[in-house]
Amino acid sequence: MTTLSYREAVTAALAAELERDEAVVVMGEDVVLGGVWVTTPGLAERFPGRVIDTPISELAFTGAAFGAAVRGLRPVVEIMFADFLWLVTDTLVNQASKYWYLSNGQAPVPLTIRTAAGAGGRFGACHSQTPTGALLGEPGLKLICPATPGDAYALTRAAVQDDNPVVVFEHKFLYGRRGEVDEQAPVERIGRAAYRRRGDDVTIVSALAAVEKAIAAAEILAEDGIAADVIDLRSLRPFDAEAIAESTGRTGRLVVVEDGPPLGGYAAEVVAVAAEAGPVRSARVSMPDLPLPASMALEDSVLTNVEEIVRAADGLVEAQAVMR
Amino acid sequence: MLGVGGVDGRNAQGRLEKLRATDDSGRRDLEGLYRRMVLIRLFEDAVQRLFVQGEIQGTTHLYQGQEAVAVGVCAALREGDAVAATYRGHGACLAMGTDPTALMAELLGRETGVCGGRAGTMNVVDLEHGVIGCFGIVGGSIAAATGSGLASRVRQDGTVAVAFFGDGAVNQAYFHECLNFASVMALPVVYVCENNLYGEWTRMESVTAGGTIVGRAAAYALPGLVVDGNDVVGVLDSASAAVARARGGEGPTLVEARTYRHKGHSRLDTGERYRPAEEVEAWLGQDPLPRTEALLPAGTAERIRQEAEAGVARVVEEALSAQWPDPDRERSAVPTKEAA
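Parameters at a glance
- Residues numbered from 1 in each chain as written.
- Chains lettered and ligands numbered in written order.
- Predicted model: local features only at pLDDT ≥ 70, side-chain atom pairs only at ≥ 80, totals over all residues.
- Helix = DSSP H or I, 4+ residues; strand = E, 2+ residues; numbered from the N terminus.
- Rg over C-alpha atoms; globule rule 2.2 N^0.38 Å.
- Contact = placed C-beta atoms within 7 Å.
- Buried ≥ 20, exposed ≤ 12 C-beta atoms within 10 Å, placed from the backbone.
- Pairing = 2+ DSSP bridges.
- Axes fitted to C-alpha atoms, helices over the stretch in contact; angles between N-to-C directions.
- Parallel < 35°, antiparallel > 145°, perpendicular 65-115°, else oblique.
- Left-handed = near helix turned anticlockwise from the far one by under 90°.
- Nonpolar A, V, L, I, M, F, W, Y, C, P; charged D, E, K, R; others polar.
- Domains from an automatic or database assignment.
- Core = buried A, V, L, I, M, F, W, Y, C linked by C-beta atoms within 7 Å.

(A) Structural context of the overall build of chain A. Summing up its helical and strand segments, chain A has ten helices and 14 strands in all. Expected size for 324 residues packed as a compact globule is a radius of gyration near 20 Å; at 20 Å, chain A falls within 12% of this value. Oriented by its inertia axes, the alpha-carbon framework of chain A measures out at about 65 × 45 × 40 Å. The long-range share in chain A, meaning contacts at least 24 apart out of those at least 6 apart in sequence, stands at 80%.

(B) Layout of the environment of Val306(A). Residue and element names in this part refer to chain A. You can see valine 306 is positioned in helix α10 (residues 306–323). With 106 residues separating them in the primary sequence, valine 306 and aspartate 200 have C-alpha atoms 20 Å apart. Each residue touching valine 306, except ones within four places of it in the same chain, is listed here: Lys213, Ala216, Ala217 and Ile220.

(C) How the structure looks around the environment of Val227(B). Counting through the fold element by element, Val227(B) comes out in strand β7 (residues 224–228). By C-beta crowding, Val227(B) is classed as buried, having 29 other C-beta atoms within 10 Å.

(D) Representation of the pairing of strand β2 (residues 24–28) of chain A in the model. Residues and elements named next belong to chain A. Of all five residues that make up β2, five are buried, and the element is covered over most of its length. By the bridge criterion, five bridges tie β2 to strand β4 (residues 74–81) in an arrangement that is parallel. The residue bridging valine 24 from the neighbouring strand is arginine 74, located in β4. Relative to strand β3 (residues 51–53), β2 runs parallel, the two sharing three bridges. Bridge pairing in β3 links glycine 28 to aspartate 53.

(E) Representation of the packing of helix α1 (residues 6–20) of chain A against helix α5 (residues 149–161) of chain A in the model. Residue and element names in this part refer to chain A. Contact geometry for α1 and α5: axes closest at 8 Å, N-to-C directions at 30°. By the angle between their directions, the pair α1 and α5 is classed as roughly parallel. For the pair α1 and α5, the sense of crossing is right-handed. Side by side, α1 and α5 meet where Tyr6, Ala9, Val10, Ala12, Ala13, Leu14, Ala16 and Glu17 of the first sit next to Pro149, Ala152, Tyr153, Thr156, Arg157 and Val160 of the second.

(F) Geometry of the interface of chain A and chain B. In this assembly, 35 residues from chain A lie in contact with 31 residues from chain B. Listed by contribution, the elements that provide at least two residues to the side of chain A that touches chain B are α3 (58–70) and α4 (89–102) of chain A. Among the elements that make up the side of chain A that touches chain B, the one with the highest residue count is α3(A) (ten residues). In the side of chain A that touches chain B, the residues fall into 17 nonpolar, 14 polar and four charged.

(G) Spotlight on the domain arrangement of chain A. Residues and elements named next belong to chain A. The domain architecture assigned to chain A consists of domain 1 (2–181) and domain 2 (194–323). With 25 residues of domain 1 at the interface, the matching set in domain 2 holds 23 residues. Contributions of two or more residues to the side of domain 1 that touches domain 2 are made by β6 (142–144), α5 and β7 (166–171). Of all the elements, β6 adds the most residues to the side of domain 1 that touches domain 2, at three residues. Residues that form the side of domain 1 that touches domain 2 fall into these classes: 13 nonpolar, nine polar and three charged.

(H) Representation of the nonpolar core within the structure. Residue and element names in this part refer to chain A. Ile204, Val255 and Ala313 are the most contacted members of the largest nonpolar core, which has 205 residues in total. Both domain 1 (2–181) and domain 2 (194–323) contribute no fewer than three residues apiece to this core. When residues no more than four places from it in sequence are discounted, the contact partners of isoleucine 204 are Ala214, Ala217, Ala218, Ala228, Asp229, Val230, Val255, Val257, Ile309 and Ala313.

Here it is in structure tokens:
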């Protein structure tokens, strides 16, 4: 185990993959100098010709990465802000994610797209989104959301080794977090959630930076004698339905936290999966149905917070007490 | 390299002899070129009949009239090279060597289709024959071929990629972004615009600033070639020059092949509503098949055509009798590649 920051963990994972497989290339804007999020420093020197600066042409370089993936490379593309994913939706949705299926398995598309998501930085509406919801319904695509430095390493390696298009949502406010990273662990298959805390009274499910808020809420609930399971989804697609059903089967209560709009997000999917598995009372903690405002006064007010999560969990516990 | 106009038979023969001297693929004999063009023509005629009969459903985008472009360009390639084509892509597939029966079965939605019936006419993939894919969205082929060029560069495998696209695609972001990217990276790609003068129902000049396609090459510091797209030898000649340049590490080329589709844009469209009859007639007079026939020894074209007619009849019969894919199996299919 080593202690690394989340961004250092991403760099270490990319270096490990560049080392392991000569077909891996890293592409994006300013990646040779380390990128604006400082996630690729030093890689260009260590791996000459395989760390490629691109023009500011997201559609071209992501589309080219798709073509290169079909023709034998294992490209890792950096999309500077997750908001720019909208520029590459044709390549991502009409080409890469459908190719394995439509070609009847003629060639896989080992393409990783890393991107910085998340609000709270006063960047405004088009540099703060976490556009996971729109991609949840795309067959053939995998979506992962590392919430810790350990996962930034483990899931990035899993994404690069996966034979399918994978979008890695990195949260810009987690880059500085430090934590333990196991560089020797075997590379996992994408799709498993993780319990970040155990308890039998209520299940709290979240992803990315919302995991920290869920853990903080669980600590407050514990003071009131309410024990919470905290599940970090880690992968939004595929979805670890078993972990959710296992937990809600014990607790009967579910709070899902999502820093995104209420309609069409992963929170709705988690609630649906839990409901299909058995009787459960559910609540969602999401943002209002608005674009993200820039002013600090406004932005902080729309993000989910620990207090809302505690209130939602309390509400479920009390409601059930009344019903009894 | 030459403007649209009549073909000079003697020059065409001379070019062909020059090309044959460097032929390492066996693809460049005039008979072979003609055979592939006739196959495409008759295949597409059959597709149109099957569509009208309701056997092929959904849509079709037919390639009659443009055969010399795909056949000429693909003849300039060698084993390991790749093409990315458009939704008007049957010609490119057949020119690359896709099995016509498997292609027809794909259009008919059958199990034995080149993609098992999953792709249909607009999304055919045949990597075994170097077809990265036909792309249903205008411009998609441009990025896919650019990526193949990038893979070639990184892997140093010496392969060249061709993007086929129509005149409509030159106003898509894919065109501008990828030509710029490929140029600054000097990628081994040949961009072949099949300018058939109409994007769907709209005349190219009326929606394309400057009214020129090859003129856009200058903006991205690329060589631009204009070729008579109905002269298969001329197309092969220009494509060979562009392929050699790409393979030599000198970067991409934009080739504008001026041609004309004999049919409408898609389905039941005849083109009559937007194309003047005189224009259609003039272009039918430049049909690439008779123009190539004129270069062949007497009787050769007739023999090849008869063989192709019999061949396509067998293709249709076999494809129509092929079994349907199993819908029950599909319900449990997985859209991703997973380790066993």
